[in-house]
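Analysis of the macromolecular model
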Amino acid sequence: MAVLGIRREDKNPWERRAPLTPHHVEELVRELGVTVAIEPSEKRIYSDQAYREAGAELTDDLSGCRLILGVKEVPPEQVLASTTYLCFAHVIKGQPQGMPLLQRMLQQNSTLIDYEPIVDRFGRRLVFFGRHAGYAGMIDALWALGQRMEHEGVETAFSGVKRAFDYKSVAEACETLVKDVGVRIREQRLSSSLHPLVIGFTGGGNVSRGAQEILDHLPVVEIEPDELKSLADRPELSRRVIYKVVFRRPDRLQFSRHLPHLTMLVNGIYWEPGHPKLATRGELRDLWQRQPNPRLKVLADLSCDIDGSIEATVQSTTPNDPVFVFDPESGKATLGVAGRGPVVLAVDNLPAEFPRDSTEHFGDSLFPFVSGLLAADYSASFEHLALPAAILPAVITHGGELTPRYRNLEEALTKETR
């Protein structure tokens, strides 16, 4: 069986995740007889010693590995010849920043497998961090709301919420929400300046579901989109709850009509160029021209597509500085919560804020495929490549060519190499 390699993550200082935990490595080594080589890392959430004790060999040289696992994309200059890589490559939409990696994979005759298209027969993702992106994103969004309201001179139940990476685990964060924030909402009520507090969600996948799981730790009443317009005119509404609304696909067709009635929008949709927008710059500009201080405080763009479905997402942010204010008139972004316009949360690697929890979950979902990936003969043509059925549609390059499903990327490649 081929040697399995695990690369160190080097994209940014915040990336502490790994594709497999020491427990997964130990099972591969001791029970399946797999040789595992792992690059040492001082920042990985699990120590080098933990992997060594699990039976892995620590080495800076992965050239003897036919299969290498990572989380984020591999730097093009590090791609080895005739090697198979699994990572989030960020190429399947033809993203310009991913084309150098794609070109290098082709030049090196290497096989690139992306985690994102690994799905079941119903199209549901099988290997993912999305739920933890939702967890971290929702916690950061509640923190952002508390910070913005403090800036406006209003102390709220959210003032004590910390950024996601300041908590040791998802469980600790949830305990804080239940015992602190939830209790304050019930006992002290929400500020009249926030009433009614309405949080809207888009997306039906793991990101949106994860975010909703977090919010549901607080006192929540779910309403329908068609109730939004009249909500503020109902004096009997309780100030001891948060109103939650989930927008389905048909609700997004004329989404701008909902924006004035939301306190926060949590966006978790999958978006590609050409898809409809949820909030354009023009719509946000019109909203701020009509109202000097609109109800909308936070745009939590968990999908984080720059200039994508939320056009206020003009840049990405980092866990330690996760938000900026988008000026609807100028289109400029100012880090922090001060300024005219909505606070935008746009962290592009949210699951990294809970590195241990997310690695455990991700490794559990990836582990069942590892033995099949190791057993494959990658010298075979793509038509004869014996891989698990769910993996084959995720093979982007093989044998120096784009696989049939991804031939549409040739145009993006050509643009980059001109």
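Everything below is about the structure printed above this text.
Our subject in this report is the structure included herewith.

Cut-offs used in this document
Residues numbered from 1 in each chain as written. Predicted model: local features only at pLDDT ≥ 70, side-chain atom pairs only at ≥ 80, totals over all residues. Heavy atoms only, no water. Pairing = 2+ DSSP bridges. Helix = DSSP H or I, 4+ residues; strand = E, 2+ residues; numbered from the N terminus. Phe/Tyr/Trp six-rings, centres within 6.5 Å; stacked < 30°, edge-to-face > 60°. Buried < 20%, exposed > 50% of the residue type's maximum accessible area, 1.4 Å probe, protein only. Lys NZ or Arg CZ within 6 Å of the ring centre and 35° of its normal. Axes fitted to C-alpha atoms, helices over the stretch in contact; angles between N-to-C directions. Parallel < 35°, antiparallel > 145°, perpendicular 65-115°, else oblique. Left-handed = near helix turned anticlockwise from the far one by under 90°. Contact = heavy atoms within 4.5 Å. Nonpolar A, V, L, I, M, F, W, Y, C, P; charged D, E, K, R; others polar. Polar contact = N/O pair within 3.5 Å; in protein donor to acceptor, adjacent residues only side chain to side chain. Expected span 1.5 Å × (residues − 1). Bend = angle between axes of the 7 residues up to and from the residue. Core = buried A, V, L, I, M, F, W, Y, C linked by side-chain atoms within 4.5 Å.

Details of the pairing of strand β15 (residues 395-398)
Pairing of strand β6 (residues 111-114) with β15, which is carried by 2 bridges, proceeds in the antiparallel orientation. Across the sheet, the residue bridging to I113 is V395, located in β15. By the bridge criterion, 2 bridges tie β15 to strand β16 (residues 401-402) in an arrangement that is antiparallel. When the bridges of β16 are listed, T397 appears paired with L402.

Notes on the packing of aromatic side chains
On inspection of all chains with the given rule, the structure shows 8 aromatic pairs. Ring centres of F88 and F129 lie 6.0 Å apart, and the angle between their planes is 50 degrees; this geometry places the pair in the tilted category. Of this pair, F88 sits in the loop between β5 (84-87) and α3 (99-107) while F129 sits in the loop between β6 and α4 (130-151), placing them 41 residues apart in sequence. Each member of the pair, F88 as well as F129, carries the same accessibility label: buried. Here the basic side chain of K93 rests over the ring of Y270, its NZ or CZ set 4.5 Å away from the ring centre.

Some words on the packing of α4 against helix α6 (residues 206-215)
α6 packs onto α4 with a crossing angle of 45 degrees between their chain directions and a minimal axis gap of 6 Å. Judged by the angle between their axes, α4 and α6 are oblique. Pair α4 / α6 crosses with right-handed handedness. Contacts from G130, R131, A133, G134, Y135, M138 and I139 in α4 reach N206, V207, R209, G210, A211, E213, I214 and L215 in α6. Of the residues assigned to the contact of α4 with α6, the class counts are 8 nonpolar, 4 polar and 3 charged.

Notes on the environment of Y135
Here Y135 is to be found in helix α4. Given a relative accessible area of 14%, Y135 falls into the buried group. Between the C-alpha atoms of Y135 and V395, which are 260 residues apart in sequence, the distance is 29 Å. Reaching out from Y135, the side chain makes a polar contact with the side chain of E213 at a distance of 3.0 Å.

A closer look at helix α5 (residues 170-188)
Look at α5: 25 Å from first C-alpha to last across 19 residues, which is about the 27 Å you get at 1.5 Å a residue. Maximum bend of α5: about 30 degrees, positioned at L177. Taken together, the buried positions of α5 are V170, A173, C174, L177, V181, G182, R184 and I185. On its buried side, α5 packs onto α4, α6, β9 (242-247) and α9 (355-375). Looking one or two places after α5, you find R189, whose phi comes out positive at around 70 degrees.

Considering the nonpolar core
With 48 residues, the main nonpolar core has M138, F158 and I199 as its most contacted residues. Ranked by residue count, the leading element in this core is α4, at 11 residues. Contacts of M138, omitting those with residues within four sequence positions, involve I199, F201, A211, I214, L215, M264 and V266. One finds L4, A56, I113 and A376 within the second-largest nonpolar core, a separate group that totals 40 residues.

Overview of the sheet that holds β5
With mixed pairing, the 8 strands of this open sheet are ordered in space as β3-β2-β1-β4-β5-β6-β15-β16. For this open sheet the edge positions go to β3 (57-58) and β16, each flanked by a neighbour on one side alone. Sheet analysis places β5 next to β6, joined by 4 bridges and oriented parallel. From the neighbouring strand, Y85 faces β6, where its bridge partner is L112. Here α3 sits on the sheet in contact with β5, β6, β15 and β16, set at roughly 45 degrees to β15. Across the face of the sheet, α9 comes into contact with β1 (4-6), β4 (67-69), β5 and β6 while running at roughly 160 degrees to β4.

Functional significance is not addressed by these values, which are geometric in nature.
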